[in-house]
Structures are given as structure tokens and as C-alpha cells.
Protein chains: 4
Amino acid sequence: MNTARISDRLRNDADSIWKKIFNHPFVVELYEGTLPLEKFKFYVLQDYNYLAADMKNLSILSSRAPSVEAMREMVEVAHLEATTEFKGYEEFLKRLGYTIEDAMGIEPTPTSLSYSSFLLATSSLKTFWEGLAATLPCFWTYAEIADFHRDKLKENQNDLYLEWASVYFTEPYLDLIDRMKGLLDNANVEYEKLKEAFIIASKYEYLYWSMAYNMEKWPA
Amino acid sequence: MNTARISDRLRNDADSIWKKIFNHPFVVELYEGTLPLEKFKFYVLQDYNYLAADMKNLSILSSRAPSVEAMREMVEVAHLEATTEFKGYEEFLKRLGYTIEDAMGIEPTPTSLSYSSFLLATSSLKTFWEGLAATLPCFWTYAEIADFHRDKLKENQNDLYLEWASVYFTEPYLDLIDRMKGLLDNANVEYEKLKEAFIIASKYEYLYWSMAYNMEKWPA
Amino acid sequence: MNTARISDRLRNDADSIWKKIFNHPFVVELYEGTLPLEKFKFYVLQDYNYLAADMKNLSILSSRAPSVEAMREMVEVAHLEATTEFKGYEEFLKRLGYTIEDAMGIEPTPTSLSYSSFLLATSSLKTFWEGLAATLPCFWTYAEIADFHRDKLKENQNDLYLEWASVYFTEPYLDLIDRMKGLLDNANVEYEKLKEAFIIASKYEYLYWSMAYNMEKWPA
Amino acid sequence: MNTARISDRLRNDADSIWKKIFNHPFVVELYEGTLPLEKFKFYVLQDYNYLAADMKNLSILSSRAPSVEAMREMVEVAHLEATTEFKGYEEFLKRLGYTIEDAMGIEPTPTSLSYSSFLLATSSLKTFWEGLAATLPCFWTYAEIADFHRDKLKENQNDLYLEWASVYFTEPYLDLIDRMKGLLDNANVEYEKLKEAFIIASKYEYLYWSMAYNMEKWPA
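Residues numbered from 1 in each chain as written. Chains lettered and ligands numbered in written order. Predicted model: local features only at pLDDT ≥ 70, side-chain atom pairs only at ≥ 80, totals over all residues. Heavy atoms only, no water.

Draft legend 1. Here's a closer look at the overall build of chain A. Counting secondary structure elements, chain A contains 13 helices and zero strands. Secondary structure of chain A in N-to-C order comes out as α-α-α-α-α-α-α-α-α-α-α-α-α. Accessible surface for chain A amounts to roughly 8600 Å². Of this, 50% is attributable to carbon and sulfur atoms. (Helix = DSSP H or I, 4+ residues; strand = E, 2+ residues; numbered from the N terminus. Areas by Shrake-Rupley, 256 points an atom, 1.4 Å probe, with all protein chains shown as cover.)

Encoded structure:
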């Protein structure tokens with residue numbers, strides 16, 4: 001019997017994908033400050049739509065939590081996300097010269113729509129635990145990316161990118177991740193199902209950075 | 001065209017039912033301090049289960065909110081409820097000598113189960129707006145009951161009942177109601193559908209007080 | 001370990017409630033042909049609304065079936081219900097001089113609304129298996145009622161009641177029940193949860209007959 | 001005011017994408033009989049998983065239908081799909097030497113998972129009408145593809161491909177499409193929302209054929 005925490009096992013099983021994410025050119029150039037601004041803007045507009053879907057996703061998970069205690073934690077997580085990262089994003093959009101209406105009017109790319117659809121369908125239709133496992137990589141990889149590239153920020157001259165990155169070092173953001181990991185450690189479904197959701201979401205994270213770097217378009 | 005706020009119209013259309021609620025013997029005796037303790041305890045245990053279902057209900061509504069702005073408001077409402085009334089209830093249970101496990105182990109009465117099922121089914125399966133209209137009377141009647149019987153509390157010698165009532169005068173509780181009313185005022189479905197949900201929920205509120213006063217049992 | 005079929009265990013655990021149902025005055029008088037027509041009409045109009053909700057309920061269960069095989073069975077069950085009992089009901093309404101619009105315009109009684117809300121909330125928000133366990137008593141008790149009172153029909157002179165009862169002896173109707181029982185026998189959740197859903201639904205069945213016999217009204 | 005049938009408007013607005021679909025090399029080679037078998041097998045295994053998700057999708061739509069009449073139609077559509085195309089697919093898998101377990105054990109490609117997630121999320125979380133609009137292109141394009149390439153089948157020597165294509169000319173399959181179009185023609189949401197769902201699904205159809213032709217793999 002494996003006595004490791006479920007969240008640690010998942011993190012470990014996704015390690016090769018996460019390493020590719022840390023070293024994705026979009027991520028590296030963003031933390032170095034060399035990423036072309038048009039790629040960054042493309043990413044930010046797509047990501048606002050994704051975050052709006054993810055807020056919905058967190059509320060779906062709250063509504064499907066299997067106990068009063070888990071429900072309370074998920075309500076706290078949804079509230080933390082609403083009042084930190086998501087709220088910060090809207091102020092950040094303004095700094096870039098966009099209104100929220102601009103952002104909401106953007107057509108999602110195939111990868112952005114596919115990833116948020118995967119999250120929403122999983123959280124709506126599979127078990128709460130698989131939904132939670134699918135939701136975690138987005139939050140967790142961003143914190144690990146920030147930690148992995150922490151030193152690069154000292155050389156980074158791009159105020160915009162520094163400001164963008166700063167949220168992923170904050171207490172409330174890391175607290176949100178710890179709460180989700182703590183919940184997931186008590187999951188009572190087969191580990192293989194959690195792993196499948198967690199790995200697929202990790203792969204979508206990788207595809208998401210490629211989508212942004214290549215400024216993806218619909219082919220038809 | 002009716003230019004009154006939707007929430008005001010609903011309140012007005014439910015007035016005869018609400019008046020019966022204000023004057024229900026359970027409510028009157030509770031605010032006077034003369035309600036038999038066994039009836040109160042019966043009520044409190046049923047109501048904890050109801051509130052747990054209502055937390056789920058608020059999360060369902062958050063997940064179905066039709067705009068980013070409405071979603072944010074509902075996440076705030078769910079968080080307010082989780083951290084005020086619902087949290088207070090758990091401390092209150094302890095004062096009565098119950099654990100949360102005691103409360104969760106109670107079999108819901110027909111009326112309690114029926115009302116929470118009605119809320120959950122409406123919020124899950126009808127429009128967001130009908131779900132919101134069905135959800136409002138529980139919160140709103142409690143605030144109006146408190147205001148209606150405010151003077152009685154001066155004579156009320158029962159510390160337990162005074163403490164129970166105190167939450168319905170607090171800022172966060174009234175804020176929660178104002179936010180829900182503000183949302184509902186922007187509903188874009190036929191008024192008749194909202195009215196149906198609001199009226200039925202108001203009737204269930206009345207039945208709920210009768211259930212508690214009669215310490216209802218399943219007949220079969 | 002209990003090796004009996006799950007459906008047999010549930011049937012056995014609900015036996016005392018089911019006996020009360022078989023001997024409920026509404027049921028007895030209906031099969032004897034002595035039930036006052038106004039009570040019967042009251043029942044039929046309420047039941048049409050209930051059956052419409054139950055069709056929705058069967059589709060919800062189809063959508064939540066945990067395997068391709070179970071989904072296919074539930075689609076078959078939903079189709080059987082749509083093309084037999086439910087379709088027959090609409091023709092029956094016409095014989096009584098009602099249009100479908102008449103029936104849909106009827107305000108559900110507290111018990112009718114509560115029971116259908118319980119079914120819809122359970123099928124939407126609990127496990128598929130609990131939803132299925134909650135759904136079965138409605139179909140199954142009607143078949144056992146018919147069998148229990150089979151002999152009374154020989155003396156029953158009321159063509160309307162004879163026609164109404166005839167559907168519960170038909171092959172497709174009994175096939176529908178067998179399919180649901182067969183599915184439920186493979187449930188993989190704790191028996192106690194299934195029992196809770198099955199017992200509550202059985203109690204609502206009893207309350208439903210009383211509602212019809214007393215021609216229930218909303219008290220407020 | 002546009003008086004054309006909604007389904008005709010949607011078909012017209014998607015015309016440029018549909019033409020690309022008709023002329024996609026996978027489609028052309030399949031109808032000519034020259035498609036490499038390994039590409040076909042790859043497609044068939046992916047498509048079985050997709051069809052299983054689409055059965056779920058049709059049940060979700062049944063459960064969310066806004067009227068008794070629409071619900072009945074959707075139950076009929078789900079039943080038609082379960083007993084024709086989907087059932088036929090399982091027999092077809094056997095002819096190719098696969099068991100259903102083989103097919104269910106296949107890891108969905110990014111495009112297959114994304115498309116089915118999009119359908120399930122749309123049908124679960126948007127209006128019934130948008131869900132229906134998203135669901136239609138899969139069924140409808142297959143019928144138009146068959147009609148468009150009808151003449152090619154005379155020269156096609158590949159029995160396997162001929163058998164595969166035959167279902168898309170059958171009465172029950174075309175009936176299913178007509179029923180969905182008939183429903184959609186009565187949709188009461190803004191046309192632009194229906195168009196968005198219909199166009200995105202059409203684009204996913206195109207991506208799906210490319211996925212099969214390229215035997216897509218997850219990049220990370």
C-alpha cells in the first residue's frame with residue numbers, strides 16, 4: 001500500500017510533463033523578460049476567459065463537495081480565487097489598455113476552449129475528486145513555475161511581467177493550493193482515476209503555453 | 001409596464017403569506033421567549049441539515065450565474081453565508097450540547113426534506129433566476145421576522161433565543177440579502193416564473209415553522 | 001455478507017410501508033371501483049405533472065449512468081416509459097375531458113411537488129445508484145398494487161378505473177421494472193444509502209395516496 | 001426579420017467549413033476506398049469513445065428539454081442513436097477484431113477529448129438550445145458527407161468502408177437528424193448563440209478528421 005500523500009503521488013507521476021512546462025519557451029522568456037509583448041497580450045486575453053471558466057469550475061466543485069467540511073473548504077477556495085488572482089487579472093487587463101468587455105469578447109482558441117471544456121465537463125460529470133484533480137495543475141504549476149524561475153526575476157527588467165508573476169508568490173494564492181491539496185489527499189476513489197484527470201490537465205497546461213507562444217488560430 | 005424593482009414586487013405579492021409567517025406561534029413564542037425548549041431543539045437540529053443543503057444550493061447558484069459579475073456576487077454570498085449564519089449555527093449547536101455529527105445524523109422531517117429538495121431541484125434544473133427567487137425567502141423572511149418582533153426581544157429573558165435571533169440583525173447577514181435582491185432585480189425571465197418560485201418557497205417557509213411547532217414525524 | 005439481490009433486500013426492508021400502501025383507502029377503493037370520481041380526477045391531474053417530472057428524472061439518470069451498458073439500459077427504460085405509461089396517460093386525460101394544457105396548468109400540491117423535487121434532486125446530486133433506488137418504488141409499487149388487488153378487478157364495474165389499472169399488468173411496464181431492478185442489483189455504493197433513498201421514496205408514495213384521497217391544498 | 005428556418009440559417013452560415021469537411025482527405029479517401037486501413041482503425045477506435053460520450057450528451061439534452069414535447073422528442077432521438085448508429089458501431093468493432101473493452105481502453109486523442117468535452121460542457125451548462133446546436137453538426141455532416149460522395153461508393157471496392165458508410169443513408173439515421181432540426185427550429189434564444197455553438201462544433205468536426213488522418217498523439 002502506498003502511504004504517500006495523494007497530492008505528492010500525483011505531482012511525482014506528472015513530473016516529466018511538469019519539467020517540460022517549466023522549460024517551455026513561453027514560460028522561460030516570460031520570466032526572463034524577453035517574451036515578445038504581442039505574445040504576452042495574446043496570452044493574457046485568452047487567459048482571462050479561461051479564468052472566468054475556472055471560477056465557474058470552482059463553484060461547480062463547491063456544489064458537488066461530498067461533505068459539509070469539503071464544501072466549506074471549496075467555498076473558501078472559490079472566494080480566494082475570486083478575490084485574488086481573478087480580481088488582480090482584471091486590474092492587470094486595464095494596465096494593458098483592455099476593458100473586461102474586450103477580454104470577454106475574444107474568441108477562445110481551440111486549446112483554450114478545449115481545456116476549459118475539459119475542466120467543466122470533468123467537474124460537472126465525473127466525481128468531485130476527479131474534478132478536483134483536474135483543477136489542481138493549473139494553480140499548482142503556476143506556483144512551481146514561479147518558484148523554479150525565481151532567480152530569473154532579479155534580472156527581469158520588464159515591469160509588466162514582474163507584476164504579472166508577483167501574484168504567484170503571495171500567501172493567499174499558495175494557501176488556495178494547499179487547501180485543494182489537503183482536500184485531495186482525502187479522496188476516496190481509485191488513484192488511477194485521479195491520476196488520469198491530473199495528467200490530462202497537466203498536458204493541457206503544456207498545450208496552453210504552446211497555444212500562446214504560437215498565437216494559435218482555428219484551422220477551419 | 002411595471003417599473004418597481006422585481007424584489008419589491010415579489011415581496012408585495014407574497015405579503016399575505018409573510019404576514020402569516022410573522023404571526024406563526026413558533027415565531028411569536030420564540031421571540032417572546034416562551035417557546036418550549038424541546039420544540040426549539042427539534043427546530044435547531046432540523047435547521048442545521050437544511051442550512052447544509054442551502055450552502056450546497058448557493059454553490060449551485062454560483063456555478064450557474066449567467067455572467068462573470070453575477071458569479072462573483074454569488075461566490076460572495078456563499079462565502080458570507082458560510083462564514084456567518086452557518087458557522088454561527090455550529091457554535092450554537094455546541095451550546096445546546098450537540099455535536100455536528102449529532103445534527104447530521106438526524107433524519108430530516110418530510111417538510112424539511114421537501115423544502116430543501118425543492119430548492120436544490122429548482123437551482124439545479126430551472127433558470128438561475130428562478131433558483132435565486134426560490135432561495136431568497138428563507139434569508140429575507142428571517143430578517144423581516146427579526147425586525148417585526150424587534151420590540152419583543154426587550155422582554156425576552158431566554159438567553160438562548162436572544163443569541164439565536166441576534167445574527168438576523170447583523171450587517172453581513174443583511175448585506176447578503178441585499179446582494180441577492182440586487183441580483184434578482186436584473187433577472188431576465190418572465191416575472192410570473194420568478195413569482196411562482198418565490199411564492200412556493202414562502203409557503204414552504206410557513207410549513208417549516210408548522211413542522212417545527214408540531215415536531216412533525218413521517219406518517220408511514 | 002448478504003448475498004441476496006439488492007432489489008430483494010430493499011423490497012424486504014420497505015415491506016411494512018408497502019403493506020400500508022396496498023391497504024390505503026385510495027388504492028383499495030380504486031381497485032374496488034368505489035372511489036369517488038372527484039378524488040380520482042384530482043389524482044390523475046396531479047399525477048400527470050408528476051409523470052412529466054419523472055420522465056425528466058429518467059433522462060437525468062440516463063445521463064449519469066456509470067457505464068455504457070447502464071446508459072443503454074436507462075435510455076431503454078426512459079423510452080419504454082415515454083411510449084407506454086406516459087403516452088397512455090395522455091390519452092387517458094382526453095377520455096376524462098382534459099387537455100394536456102389543462103393538466104400542465106394545474107398547481108402541484110405540496111406532496112406532489114415535494115416528491116418530484118426529492119426525485120429530481122436525488123437523481124441530479126447524489127450517486128446514480130441512489131437516484132435509481134429513489135426512482136424504483138413509484139414503478140414497482142404500482143405493479144405490486146395491481147397484483148395484490150388483481151381479484152378485486154373482477155368485481156370492479158368502473159370502466160375508467162379498469163382501463164387505468166390495465167397498464168400495470170402489461171409486458172412493457174413490467175419489463176421496465178425488471179430492467180431497473182437488474183441495474184440496481186449491480187450498484188456499488190453502501191447498501192444503507194440505497195436503502196435510505198428507497199425507503200424515503202416509499203414513504204412519499206404513501207403520502208401521495210393520502211394527498212390524493214384528501215385532495216390536499218397548500219395551507220398558506 | 002429573418003424568416004428562414006433556424007436550421008437552414010445555421011447550415012448556410014457553416015457552409016465554408018462544411019465544404020472543407022467534405023473535401024478533407026480522410027473523408028475523400030474513405031469514400032473512394034483508398035484510405036489506409038491503419039488510419040481507418042485509428043479513427044474507428046477513437047470514434048467509439050466519442051459516440052459513447054455523445055450518447056451521454058443526448059441524455060443530458062433529454063433531461064434539460066424545456067417542454068414535455070421536446071423531452072419526448074429527445075428521448076426518441078437518444079433511443080434512435082442507441083439502437084442504430086451506436087449499436088451498429090459495436091458490431092462493426094467486432095468485424096475489425098476489437099472488443100468493446102479494447103475500444104473503451106483507448107486513450108482519447110487531444111482532439112477527441114476536446115470535442116466531446118466541448119459537447120458535454122455545452123449541453124450541461126449552456127441552454128438546451130445551444131447544446132442542441134452543438135450536437136447537430138456531428139450527425140448532420142455525416143449525412144451530407146454520405147450524400148456528397150454517394151457516387152464514389154459505386155467504385156469503392158472496400159467492403160469495410162462500404163459497410164461503415166451504409167448507416168448514414170438509412171431511414172432511422174436521417175429521421176434522427178430531422179427530429180433534431182425540427183426541435184432547433186423552435187429555439188427561443190438569440191440566433192448568435194446558436195450560431196456560435198454550431199460553428200464551433202463544425203470546426204471541431206474538421207479538426208476531428210485531421211486528427212484521424214494524422215493519427216494524432218499528445219505532444220507532452
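Picking up after the structure, the text goes on.
Draft legend 2. Broad picture of the interface of chain D and chain A. In this assembly, 22 residues from chain D lie in contact with 22 residues from chain A. At the boundary of chain D with chain A, total buried surface from both sides reaches about 1900 Å², with 74% on carbon and sulfur atoms. Where chain D touches chain A, the interface holds two salt bridges. Here Glu107 of chain D makes a salt bridge to Lys203 of chain A, at a shortest N to O gap of 3.3 Å. Listing elements by their share of the side of chain D that touches chain A, those giving two or more residues are helix H2 (15–22), helix H4 (37–64), helix H8 (110–125) and helix H13 (191–213) of chain D. Looking at the side of chain D that touches chain A element by element, the count peaks at nine residues for H8 of chain D. The class makeup of the residues in the side of chain D that touches chain A is 15 nonpolar, three polar and four charged. (Contact = heavy atoms within 4.5 Å. Buried area = accessible area lost by both parts, 1.4 Å probe. Salt bridge = Lys/Arg side-chain N within 4 Å of Asp/Glu carboxyl O. Nonpolar A, V, L, I, M, F, W, Y, C, P; charged D, E, K, R; others polar.)

Draft legend 3. The relation of the copies chain D and chain A, seen in detail. Superposing chain D onto chain A takes a rotation of 180° combined with a translation of 0.0 Å along the rotation axis, leaving an RMSD of 0.0 Å. Such a combination of rotation and displacement between the chain copies is what one expects of a two-fold axis. By residue overlap, the copies meet face to face through one surface: 100% of the interface positions of chain D are interface positions in chain A. (Least-squares fit on C-alpha atoms with pLDDT ≥ 70 in both.)

Draft legend 4. Looking closely at the nonpolar core. Core analysis: the largest hydrophobic core is formed by 176 residues, its most contacted members being Trp164 of chain C together with Trp164 of chain D. Apart from residues lying up to four places away in sequence, Trp164 of chain C is in contact with Leu30, Tyr31, Phe40, Tyr43, Tyr89, Phe92, Tyr142 and Trp209 of chain C. Counting residues in each nonpolar core, the second largest holds 175 residues, with Leu153 of chain A together with Leu160, Tyr173 and Ile200 of chain B among its members. (Core = buried A, V, L, I, M, F, W, Y, C linked by side-chain atoms within 4.5 Å. Buried < 20%, exposed > 50% of the residue type's maximum accessible area, 1.4 Å probe, protein only.)

Draft legend 5. Up close: the environment of Tyr204 of chain B. Locating Tyr204 of chain B in the fold gives a position in helix H13 (residues 191–213). With 89 residues separating them along the chain, Tyr204 of chain B and Tyr115 of chain B place their C-alpha atoms 6.0 Å apart. Those residues in contact with Tyr204 of chain B, other than ones at most four positions away along the chain, are Ser114, Tyr115 and Phe118 of chain B together with Pro110, Leu113, Ser114 and Trp218 of chain C. Within the structure, Tyr204 of chain B has its side chain in polar contact with the side chain of Ser114 of chain C (distance 2.6 Å). (Polar contact = N/O pair within 3.5 Å; in protein donor to acceptor, adjacent residues only side chain to side chain.)

Draft legend 6. Main features of the pattern of salt bridges. Residues and elements named next belong to chain A. For the coordinates displayed, the defined rule picks out 52 salt bridges over all chains. Taking the shortest distance from any N to any O, the salt bridge between Glu144 and Arg11 comes out at 2.9 Å. Residue Glu144 is found in helix H9 (residues 128–148), and its partner Arg11 is found in helix H1 (residues 6–13); the two are separated by 133 residues along the sequence. In this structure Glu144 comes out as partly exposed when scored by relative accessible area, which is 21%.

Draft legend 7. Spatial organisation of unusual backbone geometry. Residues and elements named next belong to chain B. Here Met215, not a glycine, exhibits a phi torsion of approximately 45°, which is positive. Here Met215 shows up in the segment after H13. According to the relative accessible area criterion, Met215 is partly exposed, its value standing at 24%.

Draft legend 8. The packing of H1 of chain A against helix H13 (residues 191–213) of chain A, seen in detail. Residues and elements named next belong to chain A. For the pair H1 and H13, the least separation of the axes is 10 Å and the interaxial angle reads 50°. In this view, H1 runs oblique relative to H13, as classed from their interaxial angle. The handedness of the crossing between H1 and H13 is right-handed. Between H1 and H13, the residues in contact are Ile6, Arg9, Leu10, Arg11 and Asp13 and Tyr191, Leu194, Lys195, Phe198 and Ile199, respectively. (Axes fitted to C-alpha atoms, helices over the stretch in contact; angles between N-to-C directions. Parallel < 35°, antiparallel > 145°, perpendicular 65-115°, else oblique. Left-handed = near helix turned anticlockwise from the far one by under 90°.)

Draft legend 9. Quick peek at H1 of chain A. Of all the residues in H1 of chain A, the buried ones are Ile6, Ser7, Leu10 and Arg11 of chain A. All buried residues of H1 of chain A fall inside an arc of 135° around its axis, so they share one side. (Arc of directions from axis to C-beta.)

Draft legend 10. Here's a closer look at the side chain of Glu130 of chain D. Among the structural elements, Glu130 of chain D can be located in helix H9 (residues 128–148). Look at Glu130 of chain D: it is buried, it has no salt bridge, and the nearest opposite charge is Lys126 of chain D at 4.6 Å. (Lys, Arg positive; Asp, Glu negative; His and termini not counted.)

Draft legend 11. Up close: the environment of Thr127 of chain D. Looking at where Thr127 of chain D falls in the secondary structure, it is placed in the loop between H8 and H9. Dropping the residues within four chain positions of it, Thr127 of chain D is found in contact with Arg64, Thr122 and Val189 of chain D.

Draft legend 12. The packing of aromatic side chains, seen in detail. Applying the stated criterion to the full structure yields 113 aromatic pairs over all chains. Centre to centre, the rings of Tyr168 of chain C and Tyr173 of chain C are 5.0 Å apart; their planes meet at 80°, and the pair counts as edge-to-face. Each member of the pair, Tyr168 of chain C together with Tyr173 of chain C, is buried. The cationic tip of Arg9 of chain B hangs over the ring face of Tyr191 of chain B; the distance from NZ or CZ to the ring centre is 3.7 Å. Residue placement shows Lys39 of chain D over the ring face of Tyr213 of chain D; its charged tip is 4.3 Å from the ring centre. (Phe/Tyr/Trp six-rings, centres within 6.5 Å; stacked < 30°, edge-to-face > 60°. Lys NZ or Arg CZ within 6 Å of the ring centre and 35° of its normal.)

Draft legend 13. Region of interest: helix H3 (residues 25–32) of chain B. Residue and element names in this part refer to chain B. The buried fraction of H3 amounts to six of the eight residues, a majority that puts the element mostly inside the structure. Looking at H3, one finds that the buried residues are Phe26, Val27, Val28, Glu29, Leu30 and Tyr31. In this structure, the buried residues of H3 make contact with helix H2 (15–22), helix H4 (37–64), helix H9 (128–148), helix H10 (152–155), helix H11 (159–166) and H13. Just downstream of H3 lies Gly33, where phi reads positive at about 90°.

Draft legend 14. Quick peek at the packing of H4 of chain B against helix H6 (residues 85–95) of chain B. All names here are of chain B. Between H4 and H6, the shortest axis-to-axis distance is 11 Å and the interhelical angle comes to 145°. The way H4 lies across H6 gives a crossing that is left-handed. Only Glu85, Phe86, Tyr89, Glu90, Phe92 and Leu93 of H6 make contact with H4, whose side of the interface consists of Phe40, Tyr43, Val44, Leu45, Asp47, Tyr48, Leu51, Ala52 and Met55.

Draft legend 15. Region of interest: the confidence of the model for chain A. Mean pLDDT over chain A works out to 96, with 100% of the residues at or above the 70 mark. For this predicted complex, the interface score ipTM comes out at 0.96, while the overall pTM is 0.97. (pLDDT = per-residue confidence, 0-100.)

Draft legend 16. Structural context of the side chain of Ser63 of chain C. Mapped onto the elements of the fold, Ser63 of chain C is located in helix H4 (residues 37–64). Residue classification places Ser63 of chain C among the buried residues on the basis of a relative accessible area of 6%. A distance of 2.7 Å separates a polar atom in the side chain of Ser63 of chain C from the backbone oxygen of Ile60 of chain C. In contact with Ser63 of chain C, not counting residues within four places along its chain, are Lys56, Ser59 and Ile60 of chain D.

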